[in-house]
Structures are given as C-alpha cells and as structure tokens.
Amino acid sequence: MSKTDLKGQDYESVLANANQAVAVFQHRRSSFAHRLQHALHVNPSIVPLIVLGLSIVVFGVLLGSKFLSPFALTLILQQVQIVGIIAAAQSLVILTAGIDLSVGAIMVLSSVVMGQFTFRYGIPVPISILCGLLCGTLCGFINGVLVSRVKLPPFIVTLGMWQIVLATNFLYSANESIRAQDIEAHAPLLQFFGTKFSLGGAVFTVGVVFMIALVLVLTYALRHTAWGRHVYAVGDDKEAAKLSGVKTDRVLISVYMLSGLICAFAGWAMIGRIGSVSPTAGQLANIESITAVVIGGISLFGGRGSILGALFGALIVGVFTLGLRLLGADAQWTYLLIGVLIIGAVAVDQWIRKVSV
Amino acid sequence: MQMPTPILAAKNLVKRYGRVTALDHCDFELYPGEVLAVIGDNGAGKSSLIKAISGAVIPEEGEIYLEGERINFSSPLDAREHGIETVYQQLAMSPALSIADNMFMGRELLKPGIRGKLFRQLDRPGMEKFAREKLSELGLMTIQNIRQAVETLSGGQRQGVAVARAAAFGSKVIILDEPTAALGVKESRRVLELILEVKSRGIPIVLISHNMPHVFEVADRIHIHRLGKRLCVIRPEDYNMNDAVAFMTGAKESPQLAQAV
C-alpha cells in the first residue's frame, strides 16, 4: 500500500464524531418579506386577488355607487366571460411551458361551424354545436401532435395554426355573418350562453356561470388529480417528468385538445354574447387571454401558477376597462395600465422564484 | 460453484450513435442480492449500458433477460413496470412539486370509492404518509415537511429523496447512476449506508461510480467497462484500487479469465 492510498482510506473515520445537529433541517426565516415570498410561492394566485380587491376599492371610492352597484359589477363579469373562458384554455397550455396563439382563431372557426352547419346545411342545432366543439378539439389535437410528437416549438406551431385556422374560417364562411335575428328565430340554442337571469340587481348570463364553473373544475383537476400533477411536472421539467414515468406526449396532446375544446365552448359563448355569428369577431382573444394569464401570476416558463389566477387576471382587466370608462378617461389609459400590470406581474413571478435560492 | 441464474442479464448489446459505437457486443450480468459496481473511463459506454438495461435507450442488437426471460423495454416506464428503478444522475424530479408528489409521479394513489374512481381524486394523506415512512425508514427524516417543494431541498436531500423513491418502488433491481457525485462526505456515507440497507432487504443494486473507495467498499463484484464492452469482472477482495484503475485505463493487461461470478 502506498502512502497516498492510506491517506485516502481513513478520511471518513472522523465522521463518527460528526456533529449530528447539522442534520436538523432549520429553515425558520422570520422576515416578513421572506414569509410573504414563501406564501406566494405556495399560493401564487394571491397577488392578482390582492390587486383585484385593491382596484375594486379604488374605483369604488372614485365612482361610488355608479361602480359598486350589483349591476355594474356583474356587467364586468359579462364583459370578461369570453376572455375568461379563453384564459382558462391558455392557462393550461402555458402551465406546460407552451403558448397557444391560435385560441382566438379556434374560437371563431368553431362558432362559424356551429352557425354555418345549422343555416347552410340545415343540420339540427345540437348536432351543429357538437360539430363545432369537435372542430375546436380537432384543431387542438393538431397543435398537440405537432408540439409533442413532431417536437416543434409551441410558439411556431400555434403561430402557424392561427393563420391556417383564421384563413379557413374566412374561406369557409365566405366572410358572411349570420344575423342575430335569424339565429333568434330559428336556432335560439346557439344563443344559449347569452341567456340572462337576475338575482336582486345583479344580472348573470349562462356564459358567466359557465366561466366560473369551468375555472373551478379545472382548479380541482389540476390540484387533485394525477393528470393535473403531470401537467405541472411537464411544464416544470419535461425530461425529468419523462424519466420519472409521466407519459409526456399524452399529457401534452390532452392539454392542447382540452384547450381547443374550451375555445370551442368560448365560440358558443361568443354567439350568446354578440348575438350573431361573425367570422371577424374575437381577433384579439389570443393577446387578451395571454394578458389575463400573465397578470394572473402564471409563469410563462411553465409549471407555476394557478388557473384561478388567470380568472382574477381577466377580472382585473375588466375592472380597469369599465372603471376607467365610467371615469370618462381615454381608453388608452386602460392599455397603459394593463401594460404596467403585465410587467409588474412578471417581475413578481421572478421574485417568487427566488424562494428556492 | 453453481451460481443462480442472473436476475438481470444482457448479451451482445450493440448501440451506435452515428459513427460512434457506444456499446460493442457488451455482456452484463447481475445476480440476486448483490451489489454490482460498474466502473470505466469517461466515454467507455457505462451510461449507454445502464440506459439500455433501464429502457431509456433501445439497443440495436443483443438481448436482455430479466429473471431468465427475454424482455424488450421501449421506455423507462416499461422497465419500471417490471420492477427496475433507476436513479439518474440528473435525478429526474419536478422542482415545483412536493416531495410526496415527486415520489408518486406516474403512479399516484387515488382515493378509495367514488372520489377516486369517478372524480380521480388523489389520496394526498395516503401518499404523504407513505412518503414520510419511506424517508424515515432510510434515515432521511431531516426533512421537515413532506409537502415542501423539492426545489427548497439541498442537493443531498434531493439525492436522498430520489434514492428513497427507487428503494420504495424498485421490487427487482435498483440502478444508481453516480449517486454520490454531488454529495459531501457525510451525505455520501449516508447513501452508501442506504445502498447496504437496500441490499440487506434482498434487492440487487447496480452502482455506477467513479469513486474507487466507495466502489471497493460496497460492491460484491466490479464490472470493468472499457471501449464499449465488458473487459472483466473482478472481486474487490482479489485486487486493489490501483489494479482496477490500471485495467480500466488499459495500463495493465486485464485478467482475461477473471470473470468472477
């Protein structure tokens, strides 16, 4: 045995006397900022909830009962229902570290399919609606296959699908709208999501109820089912998820299909909201949904955030839009403030991430 | 001496990456209840061998046998379903999810009754209880909260969780790829004890390591890998570390007949 060999052999002998106390896991960081950071890390939708509460209070003080009436507050819900539903779809995709630029186009194409199948071919309304929902799911399936199996970046896939679906929509519909009166007379089921009912002074529509129910169901699925955990795992680290036994391709395809289906429901809700079937509606839905998701504290890098946050994000945008309009401010102020919120939200996301460092 | 059939064996494995041959008609045998160390230079093909027997890579030629039966893994999931658990060097964990969620990734427990069957609800308390038991069984209960995210753990603790996951679910074979590479002296010692504990439960282990003292301490046999194939298999009591390094690097002629079994 050489000298060096001996040197290398007994370095662990001192471990017998090692201070066992070191092994105790001490992690009591008491400063308020740290505790807040940790709370946000566990529950990232608190930030948008606080912002939402503050903005309601501020506009309530400025505008009084004009803003704080049940009618005005539920009007906000009606105005954000489409963006809220689309934002739920967008959240799912963004949680997997993807992005879906084709949500608006899928929504419009699905609504056009529902309308044209009914009026052009005379297909019974429920079957037309089913076809519209299938159309949305199919678009999502194509996105999902291209992202997971062909392994193209989601941004590129959905950028392409956005153009393809939108062009298909214009070609198929021949750029013709279906008038609200015709739908009301012949196929009222298409406007089902616009059905209004009131509780006190508050006015709700089926679309608003659907949006809230959808968010609650998705929150449950993401938190309490294996599928939900897999969505987060894929967004967090796809390779790690694969090695620990997640069928990542299936998860991705299911997410994009579900996103397409939700967009198709949004298309149905849009017919209820605007009354008619218009191939030119909803052009900004993709940007608006991404805005809601980002303000809602969902990380664009995937794996972090909750879908409840996206709903709060959509509501924040709705509160700002209505509040500033009631104040008589230039609409550009809304965009300016939303821009500030987006940057602020991403800055907070970066700060929350540092909890692990 | 009559040896039992190997629990995991490979014959004539070939794997090429373009013009690079990573495995060149390589053989491999793991016997029940043993710790087999796999050592070799960088680029010798250790990782490719491990990936081939854990399903992460599909070999172009050759056969793999589990308990004497021919098997073909097409994914790590396949191997897992056959009771082969692997701890990869990069640990394969989702940082934002909790320890319990990570341990059960891909094999979650559902609540009994309608809540599990119809609503697919996860049995969180059950999963957390199991995870806590497994971690304390392996002496890893320095972790306060089973619900804390994996990214809040230190490197050694993450390694511990990864090993505990494999030990908890690996019913036939556990493969550890460089389990002590990122660890301090004390944590390495903990992992070595873990290896012996798992072995004492009768589960064979494949250990890939560059750390000769660790290899010589826990291994029953040492598989020396060189230039894409098995050069020889030695027993640690027959040779010292210098010999092993000499064989592995080609500085010394290998004992051709030292196919220790």
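What this report covers is the structure whose coordinates are included nearby. All figures in this text were calculated on a predicted structure; none of them were measured in a lab.

Calculation rules
Residues numbered from 1 in each chain as written. Chains lettered and ligands numbered in written order. Predicted model: local features only at pLDDT ≥ 70, side-chain atom pairs only at ≥ 80, totals over all residues. Heavy atoms only, no water. Helix = DSSP H or I, 4+ residues; strand = E, 2+ residues; numbered from the N terminus. Buried < 20%, exposed > 50% of the residue type's maximum accessible area, 1.4 Å probe, protein only. Contact = heavy atoms within 4.5 Å. Lys, Arg positive; Asp, Glu negative; His and termini not counted. Charge placed at Lys NZ, Arg CZ, Asp CG, Glu CD. Rg over C-alpha atoms; globule rule 2.2 N^0.38 Å. Areas by Shrake-Rupley, 256 points an atom, 1.4 Å probe, with all protein chains shown as cover. Buried area = accessible area lost by both parts, 1.4 Å probe. Salt bridge = Lys/Arg side-chain N within 4 Å of Asp/Glu carboxyl O. Polar contact = N/O pair within 3.5 Å; in protein donor to acceptor, adjacent residues only side chain to side chain. Nonpolar A, V, L, I, M, F, W, Y, C, P; charged D, E, K, R; others polar. Expected span 1.5 Å × (residues − 1). Arc of directions from axis to C-beta. Axes fitted to C-alpha atoms, helices over the stretch in contact; angles between N-to-C directions. Parallel < 35°, antiparallel > 145°, perpendicular 65-115°, else oblique. Left-handed = near helix turned anticlockwise from the far one by under 90°. 1 Å grid on protein atoms, 1.4 Å probe; cavity = no way out; pocket = protein on both sides within 12 Å on 5 of 7 lines; lining within 4 Å. Points joined across faces, edges and corners; volume = space filled by probe spheres on them. Pairing = 2+ DSSP bridges. Phe/Tyr/Trp six-rings, centres within 6.5 Å; stacked < 30°, edge-to-face > 60°. Lys NZ or Arg CZ within 6 Å of the ring centre and 35° of its normal.

1. Details of the overall build of chain A
Step number 1: Check the secondary structure of chain A and you find 16 helices and two strands.
Step number 2: Summarising its shape, the C-alpha atoms of chain A cover approximately 95 × 50 × 35 Å along the three principal directions.
Step number 3: Across the 357 residues that make up chain A, the buried fraction comes to 52%.
Step number 4: Taking all contacts inside chain A whose residues are at least 6 apart in sequence as the whole, residues at least 24 apart take part in 76%.
Step number 5: Taking the average location of the 22 positive side-chain charges in chain A and that of its 14 negative ones, the two points are 5 Å from each other.

2. Points about the overall build of chain B
Step number 1: The helix and strand tally for chain B stands at nine helices and ten strands.
Step number 2: By the compact-globule yardstick of 18 Å for 261 residues, chain B fits well, its C-alpha radius of gyration being 19 Å.
Step number 3: Here the C-alpha coordinates of chain B stretch approximately 60 × 40 × 40 Å along the principal axes.
Step number 4: The buried share of chain B, reckoned over its 261 residues, is 56%.
Step number 5: Taking contacts inside chain B between residues at least 6 apart in sequence as the whole, the part at least 24 apart equals 65%.
Step number 6: Counting only carbon and sulfur atoms, one obtains 50% of the accessible surface of chain B, whose full area is about 11,100 Å².

3. A short note on the interface of chain B and chain A
Step number 1: Taken together, the contact pairs 35 residues of chain B with 30 residues of chain A.
Step number 2: Interface of chain B and chain A: buried area, both sides summed, is about 3,100 Å²; carbon and sulfur atoms make up 58% of it.
Step number 3: Area buried by chain B at its contact with chain A is led by B:Met105, B:Glu151 and B:Lys186, which between them contribute 16% of it.
Step number 4: Across the chain B-chain A interface, the total number found is two salt bridges.
Step number 5: A:Arg229 serves as the salt-bridge partner of B:Asp101, at 2.9 Å between the closest nitrogen and oxygen.
Step number 6: Across the contact surface, chain B and chain A share eight residue pairs in polar contact (both at pLDDT 80 or more).
Step number 7: Elements with a minimum of two residues in the side of chain B that touches chain A: helix 2 (76-81), helix 6 (155-169), helix 7 (185-200) and helix 8 (212-218) of chain B.
Step number 8: Taken together, the residues of the side of chain B that touches chain A sort by class into 14 nonpolar, ten polar and eleven charged.

4. Some words on helix 3 (residues 46-63) of chain A
Residue and element names in this part refer to chain A.
Step number 1: If you check helix 3, its first and last C-alpha atoms are 26 Å apart, about what 18 residues at 1.5 Å a residue would give, namely 26 Å.
Step number 2: Regarding helix 3, the residues found buried are Pro-48, Leu-52, Ser-55, Phe-59, Gly-60 and Leu-63. Viewed along the axis of helix 3, the buried residues span an arc of 135°, placing them on a single side of the element. Of the residues in helix 3, the exposed ones pointing more than 90 degrees away from the buried face are Leu-54, Val-57 and Val-61.
Step number 3: Of the surrounding elements, those touching the buried residues of helix 3 are helix 4 (65-68), helix 14 (285-295) and helix 15 (307-326).
Step number 4: At the C-terminal side of helix 3, Gly-64 shows a positive phi close to 65°.

5. Describing the packing of helix 5 (residues 70-95) of chain A against helix 14 of chain A
Residues and elements named next belong to chain A.
Step number 1: Viewed as axis vectors pointing N to C, helix 5 and helix 14 meet at an angle of 70°, and their least axial separation amounts to 8 Å. Compared by their axis directions, helix 5 and helix 14 come out roughly perpendicular. At the point where helix 5 passes helix 14, the crossing takes the right-handed sense. Of the residues in helix 14, those in contact with Val-83, Ile-86, Ala-87, Gln-90, Ser-91 and Ile-94 of helix 5 are Ala-285, Asn-286, Glu-288, Ser-289, Ile-290, Ala-292 and Val-293.

6. Let's talk about the layout of surface pockets
With a probe scaled to a water molecule rolled over the atoms, the places where space remains empty come into view.
Residue and element names in this part refer to chain A.
Step number 1: Within this model, the second largest pocket holds a volume of roughly 810 Å³.
Step number 2: Taken together, 28 residues form the lining of the second largest pocket, with Gln-79, Val-83, Glu-288, Val-317 and Thr-321 sitting closest to its centre.
Step number 3: Sorting the residues of the lining of the second largest pocket by element identifies helix 5, helix 13 (248-274), helix 14, helix 15 and helix 16 (331-353) as the ones contributing at least two each.
Step number 4: Top element by residues in the lining of the second largest pocket is helix 15. It accounts for six residues.
Step number 5: A breakdown of the residues in the lining of the second largest pocket according to their chemical character gives 18 nonpolar, seven polar and three charged.

7. Details of unusual backbone geometry
Step number 1: Its identity as a non-glycine residue notwithstanding, A:Ala174 has a phi of 50°, on the positive side.
Step number 2: Secondary-structure assignment places A:Ala174 in the loop between helix 8 (154-173) and helix 9 (180-186).
Step number 3: Phi angles above zero are rare outside glycine, and B:Glu67 is one such case at about 50°.
Step number 4: Note that B:Glu67 resides in the loop between strand 4 (61-66) and strand 5 (69-71).
Step number 5: A residue is classified by how much of its surface remains accessible, and B:Glu67, at 46% relative accessible area, is partly exposed.

8. A look at the sheet that holds strand 4 of chain B
The strands that make up a sheet pair up through hydrogen bonds in the backbone, lying either parallel or antiparallel.
Residues and elements named next belong to chain B.
Step number 1: Sheet architecture is open: four strands sit in the order 2-1-4-5, paired in antiparallel fashion. Of all the strands in the sheet, just strand 2 (20-30) and strand 5 have a single pairing partner and so form its edges. In this sheet, neighbouring strand axes are inclined to one another by 30° on average, regardless of whether the strands run parallel or antiparallel.
Step number 2: Both strand 1 (residues 8-17) and strand 2 contribute to a ladder of seven bridges, which runs antiparallel. Its bridge partner lying in strand 2, Arg-16 is registered against Thr-21.
Step number 3: Sitting on the sheet, helix 1 (residues 46-54) touches strand 1, strand 2 and strand 4, and the angle it makes with strand 2 is about 60°.

9. Brief notes about the packing of aromatic side chains
Step number 1: Evaluation of the coordinates by the stated rule reveals 14 aromatic pairs over all chains.
Step number 2: With a centroid separation of 5.6 Å and 80° between ring planes, the pair formed by B:Phe104 and B:Phe169 is classed as edge-to-face. With B:Phe104 in the loop between helix 3 (99-103) and helix 4 (114-117) and B:Phe169 in helix 6, the pair connects residues that are 65 residues apart, well separated along the chain.
Step number 3: With relative accessibility at 2%, the residue B:Phe104 sits in the buried group.
Step number 4: Positioned over the ring face of A:Tyr172 is A:Arg120, at 4.7 Å from the centre of the ring.
Step number 5: Here B:Arg107 stacks its cationic end above the ring of B:Phe169, 3.8 Å away from the centre of that ring.

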